[in-house]
Amino acid sequence: MEGSRMRSGALLVLALGMLALAALAFDSAPVEEQTEESFELLSDVARKKLKEAVKLAGKAPTATERAHIQHVLSPIAKHLATRMLYTEVAERARANPTKPGHHAMEQVLASSKEENEIEARVKNRMANIHAGQWAEEIYRKVPSKFQKLIPALATQAAHTATTNAFSKLKHEVRVLLLF
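For clarity, every value in this text was computed on a predicted model and none was experimentally measured.

(A) Fine view of helix α4 (residues 63-95). Compared with the 48 Å implied by 1.5 Å per residue over 33 residues, the 46 Å span of α4 between its first and last C-alpha is a close match. Within the span of α4, buried status applies to R66, I69, V72, L73, I76, A77, L80, A81, M84, L85, E88 and V89.

Here it is in structure tokens:
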């Protein structure tokens, strides 16, 4: 009885492994196709900036190098976008203490102007070397041959992080208002 359990467990592990390999083989596209797919997801302005930056840098980073750069940029962009969003909500709430705080939150979340301003500030803090410690850390971690790409990639990371921060807070507000 115990031997059959071990055999069935081993068969299950083998089947899962084969399924994972089949999914990988089926889903894996060549790096050029993956790059093209991610390139198509960019807005026209971001695509143009990325092309200009690649032209200035002389060559585009490989998929691995781009992943490394995004790995450096993404957590910083997420932190900055979330912090700036919450700071803006808190400042709005303090500016009008007679209204409940969720009104300030709803105002900020409904404003695309606020979202664009926060996105621009996040990008500036990441790409402008004179803007402080975050940009210095990014420039220190990104290889020097790709530092010319930082403004274009910071734009992309700032947009994604800001959109996600707004979306997450909107979801939290909806959940809180249901209770």
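(B) Structural view of the packing of α4 against helix α5 (residues 101-110). Where α4 contacts α5, the axes come no closer than 8 Å and their chain directions differ by 130°. When the axis of α4 is compared with that of α5, the two are oblique. Taken as a pair, α4 and α5 cross one another with a handedness that is right-handed. Facing α4, whose interface residues are L85, E88, V89, R92 and A93, α5 presents G101, A104, M105, Q107, V108 and L109. Looking at the contact of α4 with α5 residue by residue, the classes come out as seven nonpolar, two polar and two charged.

(C) Region of interest: the pattern of salt bridges. In the structure shown here, the tally under the stated rule is five salt bridges. Residues K145 and E65 are paired through a salt bridge, measuring 3.6 Å at the closest nitrogen-oxygen approach. Residue K145 is located in the loop between α7 (133-141) and α8 (150-178), and its partner E65 is located in helix α4; the two are separated by 80 residues in the primary sequence. Among the charged side chains, a salt-bridge network with shared partners connects E88, R92 and E114.

(D) Examining the layout of surface pockets more closely. Put simply, the second largest pocket is a space of about 280 Å³. The wall of the second largest pocket is formed by 16 residues, among which S74, K78, T160, A161 and N164 lie closest to the centre. Within the residue set of the lining of the second largest pocket, elements represented by two or more residues are α4 and α8. Of all the elements, α8 adds the most residues to the lining of the second largest pocket, at nine residues. Here the residues of the lining of the second largest pocket sort into eight nonpolar, six polar and two charged.

(E) Inspection of the side chain of E88 at higher detail. You can see E88 is positioned in helix α4. Classification of E88 by relative accessible area gives buried; the value is 13%.

(F) Local environment of the nonpolar core. Counting residues in hydrophobic clusters, the biggest one holds 34 residues, and the most contacted among them are L73, L80, L85, V122, M126, I138 and V142. Elements that contribute at least two residues to this core include exactly α4, α5, α6 (112-127), α7 and α8. With 11 residues, the single largest contributor to this core is α8.

(G) Main features of the side chain of T162. Looking at where T162 falls in the secondary structure, it is placed in helix α8. Since its relative accessible area comes to 1%, T162 is described here as buried. At 2.7 Å, the side chain of T162 and the backbone oxygen of A158 are in polar contact. Excluding anything up to four places from it in sequence, T162 contacts A81, E115, I118, E119 and V122.

(H) Spatial organisation of the environment of H102. Position of H102 relative to the elements: it lies in helix α5. Looking at H102, the relative accessible area reads 36%, which means it is partly exposed. Placed 74 residues apart in sequence, H102 and L176 show a C-alpha to C-alpha distance of 9.9 Å.

Definitions and cut-offs
Residues numbered from 1 in each chain as written. Predicted model: local features only at pLDDT ≥ 70, side-chain atom pairs only at ≥ 80, totals over all residues. Heavy atoms only, no water. Helix = DSSP H or I, 4+ residues; strand = E, 2+ residues; numbered from the N terminus. Expected span 1.5 Å × (residues − 1). Buried < 20%, exposed > 50% of the residue type's maximum accessible area, 1.4 Å probe, protein only. Axes fitted to C-alpha atoms, helices over the stretch in contact; angles between N-to-C directions. Parallel < 35°, antiparallel > 145°, perpendicular 65-115°, else oblique. Left-handed = near helix turned anticlockwise from the far one by under 90°. Contact = heavy atoms within 4.5 Å. Nonpolar A, V, L, I, M, F, W, Y, C, P; charged D, E, K, R; others polar. Salt bridge = Lys/Arg side-chain N within 4 Å of Asp/Glu carboxyl O. 1 Å grid on protein atoms, 1.4 Å probe; cavity = no way out; pocket = protein on both sides within 12 Å on 5 of 7 lines; lining within 4 Å. Points joined across faces, edges and corners; volume = space filled by probe spheres on them. Core = buried A, V, L, I, M, F, W, Y, C linked by side-chain atoms within 4.5 Å. Polar contact = N/O pair within 3.5 Å; in protein donor to acceptor, adjacent residues only side chain to side chain.

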